[in-house]
Amino acid sequence: MVSELGFRVDEGVVTYNVNQAHERKPEPVLDVNVIKWGEVSIVSENYTQAVKDFLAGLTNQKEHDRLLAETHYQLGLACQYSCNHEDAFPLSTQSLDTLEKGLAVLTEQLEKALEEPKEETQKELNELKDPESQIEAEILQLQKELAASERSRCHAEQERDELAEEISNSTSEKSAVLDEKSRL
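What this report covers is the structure whose coordinates are included nearby. Here the structure is a predicted model, which means the values were calculated and not measured.

**Details of the packing of helix 2 (residues 31-43) against helix 4 (residues 66-81)**
It is the contact of helix 2 with helix 4, at a shortest axis distance of 11 Å, that shows an interaxial angle of 30 degrees. Here helix 4 runs roughly parallel to helix 2, going by the angle between their axes. Of the two possible hands of crossing, helix 2 and helix 4 adopt the one that is left-handed. Where helix 2 approaches helix 4, its residues Val32, Ile35, Glu39 and Ile42 are matched on the opposing element by Leu67, Thr71, Gln74, Ala78 and Tyr81. Residue composition of the contact of helix 2 with helix 4, grouped by class: 6 nonpolar, 2 polar and 1 charged.

If you want it as C-alpha cells, here you go:
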C-alpha cells in the first residue's frame, strides 16, 4: 500500500521515495537540518510539511543509527498528528525495530571488545610467565652459588684456624727450643 505522502508499508517494513515526498533534495550534511525543519514543522502544527521534511532527512542515515530511529518515531508522530493513523503505526514500529537492531549490533560489538582484552591479557600473562620462569631459574642458581660460597667460606675459616693453630704450635715449639737453648 502506497501512502499519499510517498512511502509504503510491506510486511512491516517502511519504504519511501524521497523525490516524490519532498521537492528539496538535501545534501547528506543537510539531513540533520532537514530533520530539524521537520521538528519545527511539528511545533508549528504544519504536519504535512513535517512528514515531508522527515522523509527527506531519512536519505543518508545509517541503518542502525539512533537518529534513524528517532526520525522514524517523529515521522510516525507527524503522521498521527495529521490524522494519518494508518501510516503512523508502521513508522513507530520501524523505529522500535531500528532501536532493537542497533542494540543487537552494539551488544555484539561489546562482546567482541570484551573478548579482545581477554586474549591480550592472556598473551601478556604468557609473556610474563617466560621471564618469571627464567628469573626463578636464576634465583635457584644464585642460591646454589651462595651455598657453595658459604661452604668455601667455612672451609677457608677452617684452614685459617688450622694455620693459626700450627703457627701457635710452631711459636710454642720455637719458644720451648729458645728456652732450652738459653738454659744450655
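This is not the end of the story, as more comes after the structure.
**Overview of unusual backbone geometry**
With a phi close to 60 degrees, Glu45 is a non-glycine residue in the positive phi region. Looking at the secondary structure, you find Glu45 in the loop between helix 2 and helix 3 (47-57).

**Quick notes on a negative patch on the surface**
Residues Glu108, Glu111, Glu115, Glu116, Glu119, Glu120, Glu124, Glu127 and Asp130 make up a contiguous surface patch of negative charge. If you trace the backbone, Glu127 turns up in helix 5 (residues 85-183). On the accessibility criterion, Glu127 (47% relative accessible area) is partly exposed.

**Quick notes on the side chain of Gln74**
Position of Gln74 relative to the elements: it lies in helix 4. On the basis of relative accessible area, Gln74 is assigned to the buried category, the value being 18%. Every residue in contact with Gln74, bar those within four places of it in the chain, is listed here: Ile35, Glu39, Ile42 and Phe54.

Cut-offs and rules
Residues numbered from 1 in each chain as written. Predicted model: local features only at pLDDT ≥ 70, side-chain atom pairs only at ≥ 80, totals over all residues. Heavy atoms only, no water. Axes fitted to C-alpha atoms, helices over the stretch in contact; angles between N-to-C directions. Helix = DSSP H or I, 4+ residues; strand = E, 2+ residues; numbered from the N terminus. Parallel < 35°, antiparallel > 145°, perpendicular 65-115°, else oblique. Left-handed = near helix turned anticlockwise from the far one by under 90°. Contact = heavy atoms within 4.5 Å. Nonpolar A, V, L, I, M, F, W, Y, C, P; charged D, E, K, R; others polar. Patch = residues over 30% accessible without salt bridge, like charges linked within 9 Å, V, L, I, M, F, W, Y side chains within 5 Å. Areas by Shrake-Rupley, 256 points an atom, 1.4 Å probe, with all protein chains shown as cover. Salt bridge = Lys/Arg side-chain N within 4 Å of Asp/Glu carboxyl O. Lys, Arg positive; Asp, Glu negative; His and termini not counted. Charge placed at Lys NZ, Arg CZ, Asp CG, Glu CD. Buried < 20%, exposed > 50% of the residue type's maximum accessible area, 1.4 Å probe, protein only.

Geometric descriptors of this kind do not, in isolation, establish any biological role.
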